[in-house]
Amino acid sequence: MKVGVLKETFPGERRVALVPQAAAQLLQKGFEVVIEAGAGLTAGFRDEDYAAKGARLAASRHEVTEASDVLLCVRAAAEGLRPGQVAIGFFDPLSEPARARAFASAGVSAFAMELMPRITRAQSMDALSSMATIAGYEAVILAARHLPRLFPMLMTAAGTIAPAHVYVVGVGVAGLQAIATARRLGAIVSAYDVRPAVKEQVQSLGAKFVELPLEAGEAEDKGGYARAMDESFYRRQRELMARVVAQNDVVITTAAVPGRKAPVLVTEDMVRSMAPGSVIVDVAAERGGNCELTAPGEIIERHGVTIIGLLNLPSLAPYHASQMYARNVVNFLLHIARQDGIDFSSDDEILRETLVTHQGAVVHARIKELLGEA
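Definitions and cut-offs
- Throughout, a residue's number is its position along its own chain's written sequence, starting from 1.
- The predicted nature of this model means local features are confined to residues of pLDDT at least 70 and side-chain atom pairs, given and counted, to a pLDDT of 80 or more, with totals for whole chains, interfaces and linings taken over all residues.
- Side-chain metrics rest on all non-hydrogen atoms present in the structure, leaving aside hydrogens and water.
- Every helix listed is a DSSP run of H or I at least four residues long, and every strand listed is a run of E at least two residues long, numbered separately from the N terminus.
- To sort residues, take the accessible area from a 1.4 Å probe on protein chains only and compare it with the maximum for the residue type: under 20% means buried, over 50% means exposed, and anything in between is partly exposed.
- What makes two residues a contact is simply this: any of their non-hydrogen atoms within 4.5 Å.
- Computed by Shrake-Rupley with a 1.4 Å probe, the accessible areas treat only the displayed protein chains as cover when residues are assessed.
- This count recognises Lys and Arg as positive and Asp and Glu as negative, with His and chain-terminal groups excluded.
- To locate a charge, take atom NZ for lysine, CZ for arginine, CG for aspartate or CD for glutamate.
- The definition of a polar contact used here is a pair of N or O atoms within 3.5 Å, where within protein one atom must be able to donate a hydrogen and the other to accept one, and adjacent residues in sequence count solely through side-chain atom pairs.
- Residues enter a nonpolar core if they are buried and are Ala, Val, Leu, Ile, Met, Phe, Trp, Tyr or Cys, with the set joined through side-chain atoms within 4.5 Å.
- Any two of the Phe, Tyr and Trp rings considered here, Trp counted by its six-membered ring, make a pair once their centres fall within 6.5 Å; the pair's planes then place it as stacked at under 30 degrees, edge-to-face at over 60, or tilted in between.
- Think of it as a cone above the ring: NZ of Lys or CZ of Arg counts as a charge over the ring if it is within 6 Å of the ring centre and within 35 degrees of the ring normal.
- Between Lys or Arg on one side and Asp or Glu on the other, a salt bridge is scored when a side-chain nitrogen of the former is within 4 Å of a carboxyl oxygen of the latter.
- Should DSSP find at least two bridges between two strands, the strands are regarded as paired.

Engineer: Looking at this structure, how should I read the overall build of the chain?
Structural biologist: Along the chain, the regular secondary structure elements total 12 helices and 19 strands. In terms of principal-axis extent, the alpha carbons of the chain reach across some 65 × 50 × 35 Å. The burial tally for the chain puts 52% of its 374 residues in the buried class. In the chain, once contacts between residues fewer than 6 apart in sequence are set aside, the share between residues at least 24 apart is 64%. As displayed, the chain has an accessible area near 16,700 Å², and 50% of this comes from carbon and sulfur atoms. Of the side chains in the chain, 38 bear a positive and 42 a negative charge, and the two mean positions are spaced by 3 Å.

Engineer: Where do I start with the side chain of T65 in this structure?
Structural biologist: On the secondary structure map, T65 appears in helix α3 (residues 61-67). In this structure T65 comes out as buried when scored by relative accessible area, which is 6%. Within the local environment of T65, its side chain forms a polar contact with the backbone oxygen of H62, the two atoms lying 2.9 Å apart. With residues up to four places along the chain from it excluded, the contact list for T65 reads L6, L71, G80, L81, R82 and Q85.

Engineer: What should I look at first to understand the nonpolar core in this one?
Structural biologist: One recurring pattern in soluble globular proteins is that nonpolar side chains are buried together. Grouped together as the largest cluster of nonpolar side chains are 44 residues, with contacts concentrated most on L18, L72 and I88. Secondary structure elements with two or more residues in this core: β1 (2-5), α1 (20-28), β2 (32-36), β4 (70-75), β5 (86-90), α5 (127-146), α10 (318-336) and α11 (349-354). A total of eight residues in this core trace back to one element, the largest contributor, which is α10. Dropping the residues within four chain positions of it, L18 is found in contact with V5, A23, L26, V33, I35, Y50, L72, A326 and V330. In terms of nonpolar packing, the next biggest core, distinct from the first, is built from 29 residues, A207, F209, V279 and V281 among them.

Engineer: Whenever I open this one, the packing of aromatic side chains confuses me. Can you help?
Structural biologist: Aromatic rings in a pair are described by how distant their centres are and how their planes are angled relative to each other. The tally for this structure, following the rule as stated, stands at five aromatic pairs. A ring pair is formed by F90 and Y325, whose centres lie 5.2 Å apart and whose planes are at 40°; its orientation type is tilted. Residue F90 is found in strand β5, and its partner Y325 is found in helix α10; the two are separated by 235 residues along the sequence. Taking the relative accessible area as the measure of exposure, F90 reaches 11% and is therefore buried. Its relative accessible area of 1% is what places Y325 among the buried residues. With centroids separated by 5.4 Å and ring planes inclined at 70°, the aromatic side chains of F111 and F332 adopt a geometry described as edge-to-face. Here the residue F111 occupies a position in strand β6 (residues 109-112), and F332 occupies one in helix α10, the gap between them amounting to 221 residues. F332 matches F111 in its accessibility class, with the two residues each being buried. Among the aromatic residues, those joined into a cluster by ring pairs are F111, F332 and F344. Looking at R75, its charged tip hangs above the ring of F10, at a distance of 4.0 Å from the centre.

Engineer: Looking at this model, I keep getting lost on the pattern of salt bridges. Mind explaining?
Structural biologist: When the charged atoms of two side chains lie near each other, side chains of opposite charge can form a pair. Applying the stated rule across the entire model yields 17 salt bridges. Here E36 and R61 are joined by a salt bridge, their closest N and O atoms 3.9 Å apart. Taken together, the residues span a long stretch of sequence, with E36 in strand β2 and R61 in helix α3 at a distance of 25 residues. In this structure, the salt-bridge partner of R46 is E48, at a minimum N-O distance of 4.0 Å. We classify R46 as partly exposed; its relative accessible area is 45%. If you follow the salt bridges from partner to partner, you end up with E13, R15 and R75 in one network.

Engineer: In this structure, what is going on with the sheet that holds β2? I would like to understand it.
Structural biologist: Sheet strands line up and pair through hydrogen bonds in the backbone, either parallel or antiparallel. One open sheet accounts for eight strands, arranged β3-β2-β1-β4-β5-β6-β18-β19; its pairing is mixed. The sheet is open, and its two edges are formed by β3 (56-58) and β19 (361-362), each paired on a single side. Both β4 and β5 contribute to a ladder of four bridges, which runs parallel. Along β5, the bridge assignment pairs V70 with V86.

Printed below as a string of structure tokens:
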């Protein structure tokens, strides 16, 4: 089976789907690997690094697509692909289900890494969790860079410098990494999540769990992803959170529901209540944002507070983001590949839940429902 890797073309995307070490792993398993020249440069991987591992370099995008049975991408696109090819990558079918039709029309079998089931067998393939780890780390680094004060408490000849107070909203993978990173930098950290079960995880990282008297019910679905709550719940949540937000120098929000607009958790009145120079980092900006004032893709200042709504935080650390993503993708490919290709008739949950299009049709039940094709 021939595996191709294209240079990413999405604006600002610096990651690459396959790093040299992962390419060597595929080659050892009997795959052929062809890489578009320059594909890894923005992530810190040179063409000669791939060549040294045995991958073949191609001068053009067309040469890669023509030579490949499977295309590994960070952001998958159907353009330029031919019938019968397999594409593996992110393409957000829950938020943009119409994109699935483009892959179906092209006759491409498309696997969406966003749809990886959160089961034990698929942990090594969970690219969303990998990228959330990077995003949580980068959120804290961004906050520290823009906050006009230091994170740790320091005892100096000029007196004691008080530590910064950081509040993390949403304790999934990104939130936990944000807590851990802020603690490493010396901040006093508190966190909140609608799932009381995460309290122990928060405390294990040395942070305080903020408990709000709210009845959350079923806060996550059977796949382990956050479940959307109703507006009355979010309204009461905002009322209770207002005082907590005002007491913190940094607020990091990570609450997102796959395929849905992010819930608004931080209102303009809350922003107005924060001290001048405070920072909000909205990790959910790609879903519209958890802060009412977030401008997706921008860093703005409102009421003396810096609100960071940058998109694609994993791309700020492309070397390690690519390394983690490549491991996830290779593990997935090795899982679904057979000697004579991919067995699309398999009833394996991992294959079934990630396969969106095949043989010219959208085959994923949830995406078909979103498209009105159920």
